Amino acid sequence: MKNLRMKSARALKDYSQQELADKVGVSRQTINAIEKGDYNPTINLCISICKALDKTLDELFWEDDDK
Amino acid sequence: MLVKVLEMIIFIMLLVAVWRMSRGKEQTKFNYDERQKEIIANGHKYGFYTAIIGNVVGFVILDKFTNMPVAADFIMCCVIFTALAVDVLYSIAKGAYYGIRNNWKYNSLLMIILGVFLEIGNISLFLKDGLIDGRLNWEYIGFPSGIFVLLAGIASVIKGLRSSKEDAE
């Protein structure tokens, strides 16, 4: 599933994928894969991304329950 | 025999020279991230299974087609390079880059030049001496290895161009 929340958070910070990748310490393709939903990051990577984007884990990575 | 040993030594010296030249400003230690490590591990797995299957196919070919002008050592070399190709091409295609320098253009060019060098060397050997003992044997190992390196170089170019296009978007 695509991670549009992460993409929006990145856009809010005006970061390119490469800039976010550099901050987090991964490749640009990995950030792209996470946003497209092609890769599930480990908890450590999730935490690093949240710190870089000033968001919480819930805001970026928690799947919404059906109400 | 001495000529071949000398050729091998010169080839190794060329490789070392290229490696030394690559230690320039852009030379960066590769730090694969978690996704790339997973890709590399999967590449090794697929290469391993390709080698197993290739070995079986090789044995069947050798057993059933005894009159083929191909020696067992050449077939096994082909199996090895096929398995390596699966491993490396998978990793390159998925973005776990293989190279000695953190620059896809440099690495691609190097691989293509090396592949062409290997192919030309073996083609010239074939044209000069024909099939030694009437069969393809280990002396023509440059054919499959050259194809493997060429494919890796071409895959690297394609992946590099795609990544550059994505970077621009």
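Residues numbered from 1 in each chain as written. Chains lettered and ligands numbered in written order. Predicted model: local features only at pLDDT ≥ 70, side-chain atom pairs only at ≥ 80, totals over all residues. Heavy atoms only, no water.

Novice: Which parts of the structure should I look at to understand the nonpolar core?
Specialist: Counting residues in each nonpolar core, the largest one holds 17 residues, and the members touching the most others are Met6(A), Leu20(A), Val24(A), Ile31(A), Leu45(A), Ile49(A) and Leu53(A). For this core, the secondary-structure elements that each account for two or more residues are α1 (4–12), α2 (17–24), α3 (28–36) and α4 (43–53) of chain A. For this core, the element with the highest residue contribution is α4(A), accounting for five residues. Within the second largest apolar cluster, ten residues are counted, among which are Leu118(B), Val149(B), Ala152(B) and Ala155(B). (Core = buried A, V, L, I, M, F, W, Y, C linked by side-chain atoms within 4.5 Å. Buried < 20%, exposed > 50% of the residue type's maximum accessible area, 1.4 Å probe, protein only. Helix = DSSP H or I, 4+ residues; strand = E, 2+ residues; numbered from the N terminus.)

Novice: Can you help me understand the environment of Cys46(A) in this one?
Specialist: Residue and element names in this part refer to chain A. If you trace the backbone, cysteine 46 turns up in helix α4. According to the relative accessible area criterion, cysteine 46 is buried, its value standing at 7%. In this structure, cysteine 46 is in contact with Pro41, Leu57 and Phe61, ignoring residues within four places of it in sequence. (Contact = heavy atoms within 4.5 Å.)

Novice: Before we go on, may I ask you to explain the interface of chain A and chain B in this structure?
Specialist: Size of an interface, as often reported, equals the accessible area lost when the parts are brought together. Each partner contributes residues to the interface: chain A has twelve residues there, and chain B has eight residues. Summed over both partners, the interface of chain A with chain B comes to about 850 Å²; 39% of that surface belongs to carbon and sulfur atoms. On the chain A side of the contact with chain B, Arg28(A), Gln29(A) and Tyr39(A) bury the most area, a combined 57% of that side's loss. Across the contact surface, chain A and chain B share zero salt bridges. For the pair chain A and chain B, the interface holds six residue pairs in polar contact (both at pLDDT 80 or more). When residues of the side of chain A that touches chain B are assigned to their parent elements, the largest contribution, five residues, is made by α3(A). Of the residues in the side of chain A that touches chain B, the class split is five nonpolar, six polar and one charged. (Buried area = accessible area lost by both parts, 1.4 Å probe. Salt bridge = Lys/Arg side-chain N within 4 Å of Asp/Glu carboxyl O. Polar contact = N/O pair within 3.5 Å; in protein donor to acceptor, adjacent residues only side chain to side chain. Nonpolar A, V, L, I, M, F, W, Y, C, P; charged D, E, K, R; others polar.)

Novice: Which parts of the structure should I look at to understand unusual backbone geometry?
Specialist: Leaving glycine aside, a negative phi is the common case for residues, and trans is the common case for peptide bonds. Residue and element names in this part refer to chain A. A positive phi is found at aspartate 14, a non-glycine position, where the angle reads about 60°. With respect to the helices, strands and loops of the structure, aspartate 14 is situated in the loop between α1 and α2. Here aspartate 54, not a glycine, exhibits a phi torsion of approximately 55°, which is positive. Mapping aspartate 54 onto the fold places it in the loop between α4 and α5 (57–61).

Novice: Just checking my understanding: could you explain the confidence of the model for chain B for this structure?
Specialist: As a note on interpretation, predicted positions should not be read in detail where pLDDT is low. Residues and elements named next belong to chain B. Chain-level pLDDT for chain B is 83 on average; 88% of the residues reach the 70-or-more range. The spread of mean pLDDT over the elements of chain B runs between helix α1 (residues 2–21), the lowest at 73, and helix α2 (residues 34–64), the highest at 93. Interface confidence for the predicted complex, given as ipTM, is 0.82, next to a pTM of 0.80. (pLDDT = per-residue confidence, 0-100.)

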